[in-house]
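This is what each chain is made of:
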Amino acid sequence: MVSQEIRNNAIALGALLHQVGEEQAAVLRLVKTNLVAAADHAEELERGLLAPQFKVVNTIQEVKIDEESLQRAVQRTKRRILSLIGALPADCPGECDGCVHAKAQGVA
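Attention in this report is confined to the structure presented alongside it. Since we're looking at a predicted model, the values are computed, not measured. (Residues numbered from 1 in each chain as written. Predicted model: local features only at pLDDT ≥ 70, side-chain atom pairs only at ≥ 80, totals over all residues. Heavy atoms only, no water.)

**Points about the overall build of the protein chain**
Then comes step 1: When its secondary structure is counted, the protein chain shows 4 helices and 0 strands.
Then comes step 2: Counting the 108 residues in the protein chain, one finds 19% classified as buried.
Then comes step 3: Contacts spanning at least 24 positions in sequence make up 42% of the contacts within the protein chain whose residues lie at least 6 apart.
Then comes step 4: Total accessible area on the protein chain is roughly 8900 Å²; 59% of this is exposed by carbon and sulfur atoms. (Helix = DSSP H or I, 4+ residues; strand = E, 2+ residues; numbered from the N terminus. Buried < 20%, exposed > 50% of the residue type's maximum accessible area, 1.4 Å probe, protein only. Contact = heavy atoms within 4.5 Å. Areas by Shrake-Rupley, 256 points an atom, 1.4 Å probe, with all protein chains shown as cover.)

Printed below as a string of structure tokens:
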């Protein structure tokens, strides 16, 4: 988040305080204080941000399914799964009811 980046920069400036003269250290302390205050403010703003709302693209529609079409869909799904895991040849369409590959796997 932005607040953490600002805070990290304030910490980095603090590490330089012992490497510069007294006047430069005073300026660095002032900048560091301002950065910490900015980080606190940024953190408050970040907490108030809301996640964007996404528009629903797909809606569920009621579809009537008969037993026969459900069984065909189950058989097609089984064949596709077997083909994906290599139990059926890749060129097998897995659509025919009498498929010898599916019969060998006990699907048809």
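**Re the pattern of salt bridges**
Then comes step 1: In total, this model carries 5 salt bridges according to the counting rule given.
Then comes step 2: In this structure, Arg72 engages Glu68 in a salt bridge whose closest nitrogen and oxygen atoms are separated by 2.9 Å. Of this pair, Arg72 and Glu68 both sit in helix 3 (residues 67–84), 4 residues apart, which is roughly one turn of that helix.
Then comes step 3: The partly exposed category is assigned to Arg72, whose relative accessible area is 40%.
Then comes step 4: A single salt-bridge network, built from bridges that share partners, covers Arg7, Asp40, Glu43 and Arg47. (Salt bridge = Lys/Arg side-chain N within 4 Å of Asp/Glu carboxyl O.)

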